[in-house]
Every structure is written in structure tokens, then in C-alpha cells.
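Understanding the architecture of this molecule
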Amino acid sequence: MKTLYSYITEDYDAPVMMNKIDGHVHFFDTDQYVFDYTTPVFEKSVGFIDVEPKRIKKYADCMGHYDTFIKNHYDKNTMILLAASTSAENMIAIHKKYPKIIKGFGEIKCYDEWKGKSLKLKGLMQYWDVFKYAGENNLPVYIHYSLNTDVDIQRLDKCLTKFPSTTFVLCHCGTDEFQEDKSAAIHSTIALMSNHGNLWADISYTAIDYFSSNPMLLGQLPQDRIIMGSDINPALFNKNKEDGEIYLKMQNIDKYIHSDTNIKNLFHINA
């Protein structure tokens, strides 16, 4: 069976990466239903369903997706599975049904608008029930919440203060693909992390682009609260050159952070 190391050496002639856990992948999504997860890229991956904002109303109840995925694809040795939907109530229900399998929540899309169009949601507020539940049950929460304005920063600051017992992982370090300049969001994340010990940073996707060009900036983040992930579906790795290039960018910053150790601490993994 091919692994990340054989793929990356054959296709891109790159040295072997040190980290063995991918902290952010999409095992399956709501359009394709279930991807064929047959080629593990890392030894272990943190993954979830992908509920994009354009489908946010349609996928309030994702129980059926999790039932199917857990029955046919889940592997406890290689997967750390999180629950996601657009409903806090349904995410909690998924965890209650699979308490030994679901290790947290996310990736939760906390948008008020998408591509300039209002989603008529309540952003972070619509997930307060799951944030409270996560804190009570010692489960981390991955949130996709872009820091574009002072209002965004204030709302996240309020949420972190309201739920001090909940561990939040800010996906992409607060950046998104629509920001021309990601430095402001990165520095806002650094400031929020310095003020809130319950905020972690996920360096994936758009953040990987930024940090691979500015790796020394990683030193301004709390070293015990940063993790690294690809933000892709591992089954698609060898079908898209851009996906392969993500791993090369991960490799550029791999030596600066202890992502594997941090992920194990985040999910209380002993070995």
C-alpha cells in the first residue's frame, strides 16, 4: 500500500516529512456522499463531513451520512472522526449515538455570509449549544470562522470568553481563500491566542500558503496549541497535483512545530 512518503518521493522527489498525523482532512462530503478512502496518506487523520455554506440549510441533519460512513469506512486505527452538520442539536445527537467514535465537532462553518451573499444565519451564535456541550464533555471544536473585520474578532473574542472550558480550533488560522492579504487575520489569531488559552490554531489550506512563505512567524503562535493539516480528502491525493503540492508546503513548515504531539494532547491520545 502506498503511503504519503512513497507518493511524495515518486511524484515530487521530496524528502520525507516528520509528522505522521494530518490534523484536518475531509473523509467524505455532502455532494459525493462518501469518498473511497482506500489510500491512507498519513498514519492517522482527523476528519469530518464537509458541509459547505451553499448547502448549509439542506444538511442540518447529517446522521445518515455518519451512519453510512461509520458502518462502511470508519477505521479506529487511522481515523479521528469529528461530527459536523449545520445544527447544534444534530451534532450533539451524533455524538450521543457514537460516543466512543466521535472525538469532537467540526469542521463547523460559522458564516454570516458566503461569497458576499447573506445566509441569514447567526454565525457563531447558532452553535452555542454544541460549544457548551463540547466543554462539558471535554471535546474539541473545529470552527471555520474567518477574521475579516473588527466585528469578526470581537464576536470570536466574546465566544471564547463565554465558553472558557471549550477548546476551539480555529481552522486556517482565521484566514480564507477570499482574503487578498491574510496577514491581518494571522496576526489577529495570534493576539486572540495570547488572550485565550482555549483557542488553538489549525494551519491548513490558505494558512499553509501563508506560513510556507513566512515560516518564522510560526514562532509567534503558542507552540503547544498549533496543529497542521492538509484540508483535502486523502482518497483524492494522487488525482490532483495541487493536492500533492499542499503536502510539500506542509513539509516546508513541518520542522517548526510539533503538530503530532499537539494533536495527541488535543484528543487525549496516549500513544
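Structure's up top.
Read on for a plain summary of the structure.

About the criteria used
- Think of each chain on its own: its residues are numbered from 1, step by step along the sequence as written.
- The predicted nature of this model means local features are confined to residues of pLDDT at least 70 and side-chain atom pairs, given and counted, to a pLDDT of 80 or more, with totals for whole chains, interfaces and linings taken over all residues.
- As a convention, hydrogens and water are excluded, and side-chain values are obtained from all of the structure's heavy atoms.
- Axes here mean lines fitted to C-alpha atoms, for a helix over just the part in contact, with angles spanning 0 to 180 degrees between N-to-C directions.
- Counting from the N terminus, the helices are DSSP H or I runs at least four residues long and the strands are E runs at least two residues long.
- Oblique is the label for any angle not under 35 degrees, not over 145, and not in the 65 to 115 range, which are roughly parallel, roughly antiparallel and roughly perpendicular in turn.
- Throughout, a crossing is termed right-handed when the near helix is turned clockwise from the far one, and left-handed when it is turned anticlockwise from it by less than a right angle.
- By definition in these notes, contact holds between two residues if any of their heavy atoms fall within 4.5 Å.
- In summary, the pairing rule links any two rings of Phe, Tyr or Trp, Trp by its six-membered ring, whose centres are within 6.5 Å, and it sorts them by plane angle into stacked for under 30 degrees, edge-to-face for over 60 and tilted for everything else.
- Only protein chains enter the accessibility calculation, which uses a 1.4 Å probe. A residue is then buried if its area is under 20% of the maximum for its type, exposed if over 50%, and partly exposed in between.
- Salt bridges, as used here, are contacts in which a Lys or Arg side-chain nitrogen is within 4 Å of a carboxyl oxygen on Asp or Glu.
- Here, expected helix span is obtained from the residue count minus one, scaled by 1.5 Å.
- The nonpolar core is taken to be a set of buried Ala, Val, Leu, Ile, Met, Phe, Trp, Tyr and Cys residues, with the residues joined through side-chain atoms within 4.5 Å.

All right, on to the packing of helix H3 (residues 88-97) against helix H4 (residues 128-136) then. For the pair H3 and H4, the least separation of the axes is 7 Å and the interaxial angle reads 30 degrees. One way to sum up the angle between H3 and H4 is to call them roughly parallel. The interaxial crossing formed by H3 with H4 has right-handed handedness. Residue-level contacts link Ala88, Met91, Ile92, His95 and Lys96 of H3 to Asp129, Val130 and Tyr133 of H4.

Okay, the packing of aromatic side chains next. Inspection of every chain in the model, using the stated rule, returns eight aromatic pairs. Ring plane angle 75 degrees and centroid distance 5.8 Å describe the contact between Phe131 and Phe163, whose orientation is recorded as edge-to-face. Placement of the pair is Phe131 in helix H4 and Phe163 in the loop between helix H5 (150-162) and strand E8 (168-170), with a sequence separation of 32 residues. Exposure remark for Phe163: the relative accessible area of 9% places this residue in the buried category. By way of ring pairs, the aromatic residues Tyr127, Trp128, Phe131, Phe163 and Phe168 are connected into one cluster.

Here the focus is the pattern of salt bridges. Inspection of every chain in the model, using the stated rule, returns four salt bridges. Note that Glu43 and Lys20 form a salt bridge whose closest N and O atoms lie 3.8 Å from each other. Pair noted here: Glu43 is in the loop between strand E1 (21-29) and strand E2 (44-50) and Lys20 is in the loop between helix H1 (4-12) and E1, with a separation of 23 residues, a long-range link. The exposure class of Glu43 is partly exposed, given its relative accessible area of 46%. For Lys20, a relative accessible area of 37% corresponds to the partly exposed category. Asp67 is the partner of Lys97 in a salt bridge, and the nearest nitrogen-oxygen pair spans 3.0 Å. Of the two residues, Lys97 sits in helix H3 while Asp67 sits in helix H2 (residues 63-72), which places them 30 residues apart along the sequence.

Taking 1.5 Å of rise per residue, the 13 residues of helix H6 (residues 183-195) would be expected to cover 18 Å, and the 19 Å separating its terminal C-alpha atoms lies within 8% of that figure. Three or more residues of H6 are buried, namely Ser183, Ala185, Ile186, Ser188, Thr189, Ile190, Leu192 and Met193.

Next up on the list: the nonpolar core. Note on soluble globular proteins: their nonpolar side chains tend to be buried together. Within the largest apolar cluster, 80 residues are counted, with the highest numbers of intra-cluster contacts made by Tyr66, Phe131, Ile143 and Phe211. The residues contacting Ile143, other than those within four sequence positions of it, are Ile108, Cys110, Leu124, Phe131, Leu156, Phe168, Val169, Leu170 and Cys171.

Honestly, it's all geometry; don't read function into it.
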